[in-house]
Amino acid sequence: MKNADGAWSAFDSIAYVAHNYRDLQAEDAEILHIVRDHFADHFRKPGVGPVIGIDVGAGANLYPALSMLPWCDEITLCERSPANVAYLKGQVDSYDGNWDLFWASLSENKAYRALGMDPRERFREVVKVEQGDIFDLEQREGRWSVGTMFFVAESMTSSFAEFSLGVERFMRALNPGAAFAAAFMEHSKGYYTGQNFFPACDVGEAEVRASLEPFADDLTAERLKSGYAVRDGYSGLILAWGRRGD
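Residues numbered from 1 in each chain as written. Predicted model: local features only at pLDDT ≥ 70, side-chain atom pairs only at ≥ 80, totals over all residues. Heavy atoms only, no water.

J.: Got a minute to help me understand the nonpolar core in this structure?
T.: One recurring pattern in soluble globular proteins: nonpolar side chains tend to sit buried together. Counting residues in hydrophobic clusters, the biggest one holds 51 residues, and the most contacted among them are Ile31, Phe39, Tyr63, Ile75, Trp99 and Phe151. Considering every element that reaches this core, the biggest residue donor is helix H2 (residues 26–43), with seven residues. Those residues in contact with Ile75, other than ones at most four positions away along the chain, are Gly53, Ala65, Met68, Leu69, Val126, Val127 and Lys128. (Core = buried A, V, L, I, M, F, W, Y, C linked by side-chain atoms within 4.5 Å. Buried < 20%, exposed > 50% of the residue type's maximum accessible area, 1.4 Å probe, protein only. Helix = DSSP H or I, 4+ residues; strand = E, 2+ residues; numbered from the N terminus. Contact = heavy atoms within 4.5 Å.)

J.: How do you make sense of the packing of aromatic side chains when you look at a structure like this?
T.: Pairs of aromatic rings are described using the distance from one ring centre to the other and the angle between the two planes. Per the stated rule, a full pass over the model turns up 15 aromatic pairs. When the ring of Tyr16 is compared with that of Tyr21, the centres are 5.9 Å apart and the planes differ by 65°; the resulting orientation is edge-to-face. Measuring from ring centre to ring centre gives 5.6 Å for Phe160 and Phe163, while their planes differ by 35°; the resulting arrangement is tilted. Taken together, the residues Phe160 and Phe163, both in helix H8 (residues 160–172) and three residues apart, mark about one turn of the helix. The exposure class assigned to Phe160 is partly exposed, which follows from its relative accessible area of 42%. By relative accessible area, which is 0% here, Phe163 ends up buried. Cluster of aromatic residues (ring-pair linked, three or more members): Tyr16, Tyr21, Tyr63, Trp99, Phe102, Phe150 and Phe151. (Phe/Tyr/Trp six-rings, centres within 6.5 Å; stacked < 30°, edge-to-face > 60°.)

J.: What is the right way to read the environment of Ala240 from this model?
T.: Relative to the elements of secondary structure, Ala240 occurs in strand E9 (residues 236–244). In this structure the C-alpha to C-alpha distance between Ala240 and Phe180, which are 60 residues apart in sequence, comes to 8.3 Å. Setting aside residues up to four positions removed in sequence, Ala240 forms contacts with Phe180, Ala181, Ala182, Phe184, Val208, Leu212, Leu219, Thr220 and Ala221.

Take a look at the structure:
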């Protein structure tokens, strides 16, 4: 099942958030811990800025954008599904209270506590939502200086070629030296949101690492230690982080 075959217009954003992000799951807490420290270390270096960020395939998930919030003058939430676009636009002015748990986890790092303003206010100022396809990023190579892509490339198709191309499009959208973080479902068999089934590509650590290595410096890709499964049909989560290579 290829990306074009997915019922993306029927994606049930409300059910997805209720199942995955109503509470802070152990796996997401582990991701937030790693990503916040990675970004804080990266932006501690002198001469970084101005910063524009992108979350590719944002879906109905705000925490990747929150992880970039302290440093970005602009964050683009790029998403294909009209239902998810509507959800994201509805969150920009004042996001729902469940996301406070995720910000609290990020704020365990002093770089986030140093924001100096209400994160909702900052979110409203810098975040914009854009309906778009990951494959169309080819036309915007090297635009963004920090980027995230969480559960996208392997969760939009069963085709390994499309998975690899999705990773490439994400990485090429970043400028040289840009910090990035990307998360992947390990050996996913596909998933339901509401009544609709969506495809997945069966990948493990080796495939994730191989897809990123041509484009990344200081790459780390590892399986999360948290063993709790949010749903059936996958064996774990893989998180990768580093910098876009020159």
